[in-house]
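So you can see what is in the structure, the chains are spelled out below.
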Amino acid sequence: LGPGALGGEIVRDAVSMPRGVGVPDEIAPPPVMIFLSNAAIASPRLAGWIDGIAAAEVPAILCVGLPEATRIETGHMPTQRRVDLLAIEQNAWALAARDPRCVVVDSRTELDWARGKRRISVWAPSKMILDATDKPTAFDPEALARWLAEHMEAGAVIAVGTDTGGALPLDVETLV
């Protein structure tokens, strides 16, 4: 907004709205947050894990860490955070390239839409982190995933690393 311009914010609250006015009859279940290590992303089991997530028919948000490739070191904390966020997003796009069901999203609106449709999202954190009024206190990838889990009121948080078995430990009964 420029000088003298007026802005506005729209807030929708399902609790205060009367039944049948813009509120779906069925509220989507809380999403499952799944943090995938680089080893998990590169694993030949990845497609099977994603099959398991899709079969559970619960909304899932996949979070990834920094890629193993060498990245720019700026020596300046604020710019390093931006570089690291972009590197995480590159890793998210690398995951999306492995499976078309993994759709990279960068806004709360897109995450909420995917949640309502019970889809799999891969979180690109830059936009949400930079726009947040309550920014995370730690900027390592796992802390960012925990921050998002709190904001999305996740029903479960699962980390998939190198010693994970053949399928994700999704207990559908506890998630819906």
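Owing to the predicted nature of the structure, the values given are computational and were not obtained by experimental measurement.

What counts and how
- Every chain is numbered independently, its residues counted from 1 as its sequence is written.
- Local features in a predicted model are, by the rule used here, given only for residues with pLDDT of at least 70; side-chain atom pairs are given and counted only at 80 or more, and totals for whole chains, interfaces and linings are based on all residues.
- Calculation of side-chain values draws on the structure's entire complement of heavy atoms; hydrogens and water are dropped beforehand.
- Any carboxyl oxygen of Asp or Glu that lies within 4 Å of a side-chain nitrogen of Lys or Arg is treated as forming a salt bridge with it.
- Each residue's exposure class comes from its accessible area (1.4 Å probe, protein chains only) as a fraction of the maximum for that residue type: buried when under 20%, exposed when over 50%, partly exposed otherwise.
- Within a predicted model, pLDDT stands for the predictor's per-residue confidence, ranging from 0 to 100.
- Strands are runs of DSSP state E lasting at least two residues, helices are runs of H or I lasting at least four, and both sets are numbered from the N terminus onward.
- By the convention used here, residues are in contact when the closest approach between their heavy atoms is within 4.5 Å.
- A cavity here means a set of 1 Å grid points, computed over protein atoms only, where a 1.4 Å probe fits but cannot escape. A pocket is an open set with protein on both sides within 12 Å along at least 5 of 7 lines, and lining residues have an atom within 4 Å of a point.
- Grid points are joined across faces, edges and corners, and a volume is the space filled by probe spheres set on the points.
- Gly is placed with the polar residues, together with every amino acid not listed as nonpolar (Ala, Val, Leu, Ile, Met, Phe, Trp, Tyr, Cys and Pro) or charged (Asp, Glu, Lys and Arg).
- Pairing between strands requires that DSSP locate at least two bridges from one strand to the other.
- For helices, the axis comes from a line fit to the C-alpha atoms of the stretch in contact; other axes are also lines fit to C-alpha atoms, and the angle between any two N-to-C directions lies between 0 and 180 degrees.

Brief notes about the pattern of salt bridges
On inspection of all chains with the given rule, the structure shows 4 salt bridges. Between D99 and R101 there is a salt bridge; the shortest N-O distance is 2.8 Å. Note on D99: relative accessible area 6%, which makes it buried. Looking at R101, the relative accessible area reads 31%, which means it is partly exposed. K127 is the salt-bridge partner of D131, the closest N and O atoms lying 2.9 Å from each other.

With respect to the confidence of the model for the protein chain
Fine structural detail should not be taken from predicted coordinates in areas where pLDDT scores are low. Considering every residue of the protein chain, the mean pLDDT works out to 81; 77% of them sit at 70 or more. The weakest mean pLDDT in the protein chain belongs to helix α7 (residues 172-175) at 36; the strongest belongs to strand β4 (residues 120-123) at 96. A low-confidence stretch, residues 19-23 (pLDDT under 50), is modelled with 5 contacts involving residues beyond four sequence positions or located in other chains. Considering only residues more than four positions removed or in separate chains, one finds that residues 162-176, a stretch of pLDDT under 50, has 30 contacts.

Some points on the layout of surface pockets
Size it by volume and the second largest pocket reaches roughly 210 Å³. Counting only elements with at least two residues in the lining of the second largest pocket, the list comes to α2 (46-56), β3 (103-105), α4 (108-116) and β4. The class makeup of the residues in the lining of the second largest pocket is 8 nonpolar, 1 polar and 4 charged.

A few points about unusual backbone geometry
Glycine aside, a negative phi is what most residues show, and trans is what most peptide bonds show. Non-glycine residue E57 carries a positive phi angle of around 50 degrees. With respect to the secondary-structure elements, E57 resides in the loop between α2 and β2 (60-64). Here E57 falls in the exposed class, since its relative accessible area comes to 54%. One non-glycine residue, R118, adopts positive backbone phi at about 55 degrees. Along the chain, R118 turns up in the loop between α4 and β4.

Observations regarding the sheet that holds β2
Ordered in space as β3-β4-β2-β1-β5, the 5 strands form an open sheet in which the pairing is parallel. Edge positions in the open sheet fall to β3 and β5 (156-160), since each of these has one partner strand only. Strand-to-strand twist of the sheet, defined as the mean angle between neighbouring strand axes without regard to direction, takes the value 30 degrees. The pairing of β3 with β4 spans 3 bridges and is classified as parallel. The residue bridging V105 from the neighbouring strand is W123, located in β4. Taken strand by strand, α4 contacts β2, β3 and β4, and its axis lies near 160 degrees from that of β4. Across the sheet, helix α6 (residues 141-151) is in contact with β1 (32-36), β2, β4 and β5; its angle to β1 comes to roughly 170 degrees.

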